[in-house]
Each structure stands twice: as structure tokens, then as C-alpha cells.
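Architecture at a glance
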Amino acid sequence: MTLFLDIVSTAAILFIVAAGLLAIFGVLKIINFAHGAWLTIGAYCAVVVSGFGLNPWLAIPFAFLVGAILGGVAERFIVRPLYRRPLDAILATWGLGIVIGQLITLWFGRDVQFTPALLPGTFDLFGIGYSAYRLFAIAAAIGLGLGFTLLLDGTRLGLSARAVIMNETLARGLGIDTEKVRLATFMIGTGLAALAGVLLAPLTSVDPNMGVAWLTGAFMLVMVACSSFGALAAACLIFGAAQVLVSTYFSPILGGITVAVLCAVTLRIRPKGFARA
């Protein structure tokens, strides 16, 4: 039972980390290589909130707002002029991630920092005491998935985003302001990345480079999922299970590279990934 919960909670954490990256890739068709930097920003929002002695739960909305606002600024002045040059956009976001990392180092230093547990202790589930916070991560991932479903299917922004995904030229001809859709999508994606940083902070240490370690896995999962959140959930569950099993029965070091290796093999066999498999 513990192994099953480890698999589900690991998949949930992977989904939370990759969701923001997929939101941007699905609509804007660019890979935001600054995703790891935004995740780091979110984690340091938790450090700031705890430093002021505030309720650590306040870090969640605070990080989302900070990530979304900074993401809006980056979209307007850095990413928007490069939509028709996706390779340049990738390089620009990569450079932006480096700049953000250096600014965080300048402000907070290189020291590793820790944040208070949002939900300490264990929860008795089916007779087994399991980390309450990892169970919360599962609930957060489910809530995030349901939220995206409602956003895409039940709001005007979601309808516009789907129109832009299918045919941006036609969407523009129908009167949809595609620039606003792109801006809103980028802000949501960066806000979610910062949100992922807050949720990861109690599980690991916080340092200026913490986002780099998560970027590769998230990038590979998004490549496998294409633009489908359902496919992303399936990829996180399958590859997350493989990571947990390899870490448990072989080596945690090998487990750390399992997701990237299996995603690469999957893309070699099925270049279009899970979404169109």
C-alpha cells in the first residue's frame, strides 16, 4: 500500500510541476525553458512568507500572483516579439532563466534554505500511516486537473484558447483577441510554475538552482503528452511509477533519471507521444 501511495503521490508531484509548462506549450507552441526559474521563484515566495512569520499557506496564492505578474511582464517584453521565431524564443527563455537564477542568488545568496511544513505529520489511510503532505499533493494534482478541465470547457478563455490551438488565423478572423489569449495563457503557466515551487518547497531544500533539476523531467513529460492534460496525467502516472520502482528496488540515482530516459525511448518509438498514440 505504501508503494502504491508513493507511486500516486510521485505522479501527482510530476503533474503539478509539468502542468504550467504544458499550458504554455499547448497554446503558444513554445517551450518555456525559464520554467525551472519560475518554479524557484515560487519556492522563494515560501521562504519570504515564512521569513515574515506569516501563515505558510499564504505562500500559495502569493507565489501564484508573483509568478503570473512576472510572467506577464516577460511575455510582453521578451516572448511576444519571438512567437514567429520559436527557436529564438527557446533561447530567450533559457537566458531569462539564467538571469532569474542569478538575481535570486544576488538577493538571497547561495545558501540552502528550508520552509516550514504546510501539513506536518501522517494520516492514517487503510491502516497505514502515510505523509499527510504527500496525500495533500495528490489532492492538489486532482484539483489542478479538474480546474483545467473546467477552464477549457466552461469558460470563454478556455474556448478561445482551444480555438487558438486548432487554428490561430481562423480564431483571429472570428474576432478572438489572440494576443490577450496568449498573454493570459503565459501568465497562468508561469503562475502554476511558481505554485509548483511552493508545493515542492516543504519536500526538498530551496536553493537558486532547484528548478533546474525539475526542468528536464517536466520538459520530457510535456513532449510525450503533446498538448493534452489527460495524456500528461497518464505519462506522469506511468513514468512516475517506473521512477518509484527503480528507486525502491535498484538505486535512487537511477530512479532520478528514469523519467527522462523512458520519455526519450517513448518519443523514439512514438514521435507524436501519448496524445496521438
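The structure displayed is predicted, hence computed values, not measured ones.

1. Considering the pairing of strand S1 (residues 122-125)
Two strands pair when backbone bridges link them, and S1 and strand S2 (residues 128-131) are joined in this way by 4 bridges, in the antiparallel orientation. Its bridge partner lying in S2, phenylalanine 123 is registered against tyrosine 130. Connecting the antiparallel pair S1 and S2 is a turn made up of 2 residues, with phenylalanine 126 showing a positive phi of about 55 degrees.

2. A few points about the packing of helix H1 (residues 2-28) against helix H8 (residues 178-200)
Relative orientation and spacing of two packed helices are given, respectively, by the angle between their axes and the distance between those axes. In contact at an axis separation of 8 Å, H1 and H8 are set at 165 degrees when each is read in the N-to-C sense. Accordingly, the angle class assigned to the pair H1 and H8 is roughly antiparallel. Along this stretch, H1 crosses H8, giving a crossing that reads as left-handed. When H1 is examined against H8, the residues Ile13, Ile16, Val17, Gly20, Ala23, Ile24, Val27 and Leu28 are found in contact with a partner set consisting of Val181, Arg182, Thr185, Phe186, Gly189, Thr190, Leu192, Ala196, Leu199 and Leu200. Its residues placed into classes, the contact of H1 with H8 shows 13 nonpolar, 4 polar and 1 charged.

3. What to know about the layout of surface pockets
For the largest pocket, the calculated volume is near 540 Å³. Broken down by secondary-structure element, the contributors of at least two residues to the lining of the largest pocket are H1, helix H9 (210-225) and helix H11 (252-269). Residues belonging to the lining of the largest pocket are distributed by class as follows: 11 nonpolar, 7 polar and 2 charged. Taken together, 17 residues line the second largest pocket, and the ones lying closest to its centre are Ile41, Val66, Leu70, Ile100 and Ile104. Considered class by class, the residues forming the lining of the second largest pocket number 17 nonpolar, no polar and no charged.

4. Notes on the nonpolar core
Within the largest apolar cluster, 84 residues are counted, with the highest numbers of intra-cluster contacts made by Trp38, Leu221, Phe229 and Leu232. With 17 residues, H1 is the largest single contributor of residues to this core. Leaving out residues up to four positions away in the same chain, leucine 221 has contacts with Leu14, Leu232, Ala235, Cys236, Phe239, Val259 and Cys263.

5. Overview of helix H10 (residues 229-249)
Here H10 spans 30 Å end to end across 21 residues, near enough to the 30 Å set by a 1.5 Å rise per residue. Taken residue by residue, H10 has Phe229, Ala231, Leu232, Ala235, Cys236, Phe239, Gly240, Ala241, Ala242 and Val244 as its buried positions. Packing partners of the buried residues in H10 comprise H1, helix H5 (132-154), H9 and H11.

6. A few points about the environment of alanine 117
Position of alanine 117 relative to the elements: it lies in the loop between helix H4 (86-108) and S1. Residue alanine 117 is classed as partly exposed on the basis of its relative accessible area of 46%.

7. Observations regarding the packing of aromatic side chains
Tallying each qualifying case throughout the model produces 7 aromatic pairs. A centroid spacing of 5.2 Å and a plane angle of 90 degrees characterise the contact between tryptophan 57 and phenylalanine 136, whose relative ring orientation is edge-to-face. With tryptophan 57 in the loop between helix H2 (35-51) and helix H3 (59-79) and phenylalanine 136 in helix H5, this residue pair connects regions lying 79 residues apart in the sequence. In this structure, arginine 76 is placed above the aromatic ring of phenylalanine 77, and the distance from its NZ or CZ to the ring centre is 5.5 Å. Directly above the ring of tyrosine 83 sits arginine 182, whose terminal nitrogen or CZ lies 4.1 Å from the centroid.

8. Brief notes about the side chain of threonine 185
Its place among the elements puts threonine 185 in helix H8. In contact with threonine 185, other than residues within four places in its own chain, are Ala23, Ile24, Val27 and Leu28.

9. Some points on a nonpolar patch on the surface
A grouping of Leu245, Tyr249, Phe250, Leu254, Ile257, Val261, Val265 and Ile269 is seen on the molecular surface, where their side chains present a nonpolar patch of about 840 Å² in accessible area. Within the residue set of the nonpolar patch, elements represented by two or more residues are H10 and H11. Element by element, the count of residues in the nonpolar patch is highest for H11, at 5 residues. One can find isoleucine 269 in helix H11.

10. Remarks on the pattern of salt bridges
What the rule picks out here adds up to 3 salt bridges. Here glutamate 75 ties to arginine 80 by a salt bridge, and the two come within 3.1 Å at their closest N and O atoms. Taking relative accessible area as the criterion, glutamate 75 reaches 0% and is therefore assigned buried. Two residues, glutamate 179 and arginine 80, come together in a salt bridge whose shortest N-O distance is 3.6 Å. One end of the pair, glutamate 179, is in helix H8; the other, arginine 80, is in the loop between H3 and H4, with 99 residues separating them in the sequence. Looking at glutamate 179, the relative accessible area reads 45%, which means it is partly exposed. Each of the salt bridges in this network shares a partner with another, and the network as a whole consists of Glu75, Arg80 and Glu179.

Rules used in this analysis
In every chain, residue numbers begin from 1 and rise along the written sequence. Restriction of local features to residues with pLDDT of at least 70 applies here, the model being predicted, together with a cutoff of 80 or more for giving and counting side-chain atom pairs; totals for whole chains, interfaces and linings are based on all residues. Excluding hydrogens and water, the side-chain values take into account all heavy atoms of the structure. Being paired, for any two strands, means DSSP has found at least two bridges between them. The helix and strand labels rest on DSSP assignments: H or I over at least four residues marks a helix, E over at least two residues marks a strand, and numbering proceeds from the N terminus. A fitted line through C-alpha atoms represents every axis, and for helices the fit uses only the stretch in contact; the resulting angles, taken between N-to-C directions, go from 0 to 180 degrees. Relative orientations are named as follows: roughly parallel for angles under 35 degrees, roughly antiparallel for angles over 145 degrees, roughly perpendicular for angles from 65 to 115 degrees, and oblique for any other angle. The handedness criterion is simple: a crossing whose near helix is rotated anticlockwise from the far helix by less than a right angle is left-handed, and one whose near helix is rotated clockwise is right-handed. What makes two residues a contact is simply this: any of their non-hydrogen atoms within 4.5 Å. For this scheme, ten residues count as nonpolar: Ala, Val, Leu, Ile, Met, Phe, Trp, Tyr, Cys and Pro. Four count as charged, namely Asp, Glu, Lys and Arg, and the remainder, Gly too, count as polar. Cavities and pockets are found on a 1 Å grid laid over the protein atoms alone: a cavity is a set of points where a 1.4 Å probe fits but cannot escape, a pocket is an open set with protein on both sides within 12 Å along at least five of seven lines, and a lining residue has an atom within 4 Å of such a point. Grid points are joined across faces, edges and corners, and a volume is the space filled by probe spheres set on the points. Put simply, a nonpolar core is a bunch of buried Ala, Val, Leu, Ile, Met, Phe, Trp, Tyr and Cys residues held in one set by side-chain atoms that sit within 4.5 Å of each other. Type-normalised accessible area, obtained with a 1.4 Å probe on protein chains alone, sets the label of each residue: buried when under 20%, exposed when over 50%, and partly exposed for intermediate values. Helix span is expected to be 1.5 Å times the residue number reduced by one. What counts as a ring pair is set by centres within 6.5 Å for rings of Phe, Tyr and Trp (its six-membered ring), and what kind of pair is set by the plane angle: stacked under 30 degrees, edge-to-face over 60, tilted for all other angles. Charges are assigned to positions over rings by a cutoff of 6 Å between ring centre and Lys NZ or Arg CZ, combined with an angular limit of 35 degrees from the ring normal. Within the patch definition used here, like charges are joined within 9 Å and nonpolar side chains (Val, Leu, Ile, Met, Phe, Trp, Tyr) within 5 Å, considering only residues with over 30% relative accessible area and no salt bridge. Here, Shrake-Rupley sampling with a 1.4 Å probe gives the accessible areas, and only protein chains in the shown set may cover a residue. By salt bridge we mean one thing: a side-chain nitrogen of Lys or Arg within 4 Å of a carboxyl oxygen of Asp or Glu.

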